[in-house]
Each structure stands twice: as structure tokens, then as C-alpha cells.
Amino acid sequence: MKLTKFTHACVRLEKEGRVLVLDPGTFSEAEQALAGVDAVLITHEHADHVDVDAVTDALLENTELQLFAPDGVASQLRGKAPAAAERINTVAAGEDFETAGFAIRSFGGQHALIHPQIPVVANVGYLVDSNVYHPGDSFAIPDGVDVQTLLVPIHAPWNKVGEVVDFVIGVRAPRAFPIHDALLNDTGRGLVEGHVTRIGARYGTEYRHLSSGDSVEV
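Since this is a predicted model, take the numbers as computed values, not measurements.

## What about the packing of helix α4 (residues 161–171) against helix α5 (residues 186–202)?
Argument step 1. At a minimum axis separation of 10 Å, α4 and α5 run at an interaxial angle of 35 degrees. In the crossing of α4 with α5, the sense of the turn from one axis to the other is right-handed. Residues Val 161, Val 164, Val 165, Val 168 and Ile 169 of α4 lie in contact with α5, whose contacting residues are Leu 191, Val 192, His 195, Val 196, Ile 199 and Gly 200.
Argument step 2. A class-by-class count of the residues in the contact of α4 with α5 yields 9 nonpolar, 2 polar and no charged.

## Side note on the pairing of strand β1 (residues 2–5)
Argument step 1. Pairing of β1 with strand β2 (residues 11–15) involves 4 bridges; the strand directions are antiparallel. What sits directly across from Lys 2, in β2, is Glu 14.
Argument step 2. Once β1 ends, the chain turns through 5 residues before running back antiparallel as β2, passing His 8 with a positive phi of about 70 degrees.

## Some thoughts on empty space enclosed by the protein
Argument step 1. A complete count under the given rule lists 1 cavity of 30 Å³ or more for this structure.
Argument step 2. There is about 40 Å³ of room inside the largest cavity.
Argument step 3. In terms of lining residues, the largest cavity is bounded by His 46, His 111, Ala 112, Leu 113, Ile 114, Ile 118, Pro 119 and Val 120.
Argument step 4. Looking at the lining of the largest cavity residue by residue, the class counts come to 6 nonpolar, 2 polar and no charged.

## What to know about the sheet that holds strand β6 (residues 88–90)
Note on sheets: strands pair through backbone hydrogen bonds, and any given pair is parallel or antiparallel.
Argument step 1. Pairing is mixed across the open sheet formed by 7 strands, whose spatial order is β6-β5-β4-β3-β2-β1-β14. The open sheet is flanked by β6 and β14 (215–217), the only strands paired with a single partner. Going across the sheet, the axis of each strand differs from the next one's by a mean of 20 degrees, ignoring polarity.
Argument step 2. As paired strands, strand β5 (residues 66–69) and β6 are joined by 3 bridges and run parallel to one another. Looking at β6, one finds that Ala 69 is bridged to Thr 90.
Argument step 3. Set on the sheet, helix α3 (residues 71–80) makes contact with β5 and β6; between it and β6 the angle comes to about 155 degrees.

Conventions and cut-offs
Residues numbered from 1 in each chain as written. Predicted model: local features only at pLDDT ≥ 70, side-chain atom pairs only at ≥ 80, totals over all residues. Heavy atoms only, no water. Axes fitted to C-alpha atoms, helices over the stretch in contact; angles between N-to-C directions. Helix = DSSP H or I, 4+ residues; strand = E, 2+ residues; numbered from the N terminus. Left-handed = near helix turned anticlockwise from the far one by under 90°. Contact = heavy atoms within 4.5 Å. Nonpolar A, V, L, I, M, F, W, Y, C, P; charged D, E, K, R; others polar. Pairing = 2+ DSSP bridges. 1 Å grid on protein atoms, 1.4 Å probe; cavity = no way out; pocket = protein on both sides within 12 Å on 5 of 7 lines; lining within 4 Å. Points joined across faces, edges and corners; volume = space filled by probe spheres on them.

So this is what it looks like as C-alpha cells:
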């Protein structure tokens, strides 16, 4: 499976001619990521994880495209693209389904707390093909599975470095790559990634930096 990172939280997975895209948000190159897509997974409703206009256009242009998202996102997109409503699927934590040839399992259910005065929204993490885990905006550790490829939210208004490191330790995937990094400059990124790389290695995780546009086989 080919994994391509786009800016911030967006990742594109390609396998046997099929394409799955996770979290094409407004910080990302959403239109580029969505080119030729067969299925889209959205973790939650925040704009940096779902570019509503770009996703709506993709749904209307590609009548085979399937989309999966928590209820709030799904409802919003059905309102924006009623012609595609039957292809917009609601997902909660604890579900198993298949789309575009990819096996999906969902985890979590709640966005990490930013501040008591900021409402908490639904957030679903996705494990793809028992391999790649995208947690969205949470550090929910998937239970009952062995993650092979962990996507690590290395910086956010809702996390701190110690929590990032503990998430990597907790999942203990053999390999890990960054997501959710658009708010960092090079100095901050180097600091966080240094801790994740050094400490993660003690627990069997090889962390590797990816820049926007980089691809790896997983």
C-alpha cells in the first residue's frame, strides 16, 4: 500500500488501483489529494480535517465516491450535496466495514479536550487494512489490534509533547509518521520529532519524518 502525506492531517492511500483519502482539510492540498479518489474517511468536523467545499465537489463530480464520517459531518455534507446523500455514510466508534477494497475499523468517539469552554465534538479514528491508524484529533489507542503504521498528531492546540510521546509508546507500532503539523515551524517540529524518535525507539517504534508530498510503501 502506498501512503502519501499531504499538508497537516490529510493522507492518501493507494492499493491495487484504488484510492482512499483521510481528512482532506482546508490546510491540505485537498483537491490534489482527492483526484481519482474512490472513498473518503473524515475523522471529525473541524475545517482542518474536512474541506467541505472540496469534498462536496468531489462527491458531485464522482458518482461512485463513498464517504464515511461522524454524524455531524455526514449531515452537513448531505445538506450541501443532496444528490450524493446515499453515498454519505455515518460512522461511530466500534464499527467494521469495507470500502473501495479497504477494510476499515473505527475507534475512539470523542475529540480531545481543547478547553472546558470549547465544546467537544465527535471524533472517529480509523484503522485501515489492520495496518494504518489515523486517530484524528485524539490519542485514543485502538484496543484488540496490532497497529503496523501509526500516524502521529505531533502538534495541536489540544496536546503537549509528553502526550504525543505517550501515544506512540502506548500504540507501539513498528513504524510511525507525522500528521497534524501545519502549525509548527521547523524548529518546533525538530524538537517534537526528536523526542518521538528517541523515546519511541526504546519501545520498538521507528519514527520517520515525512514532508508534504512524500510517499512511502507500508
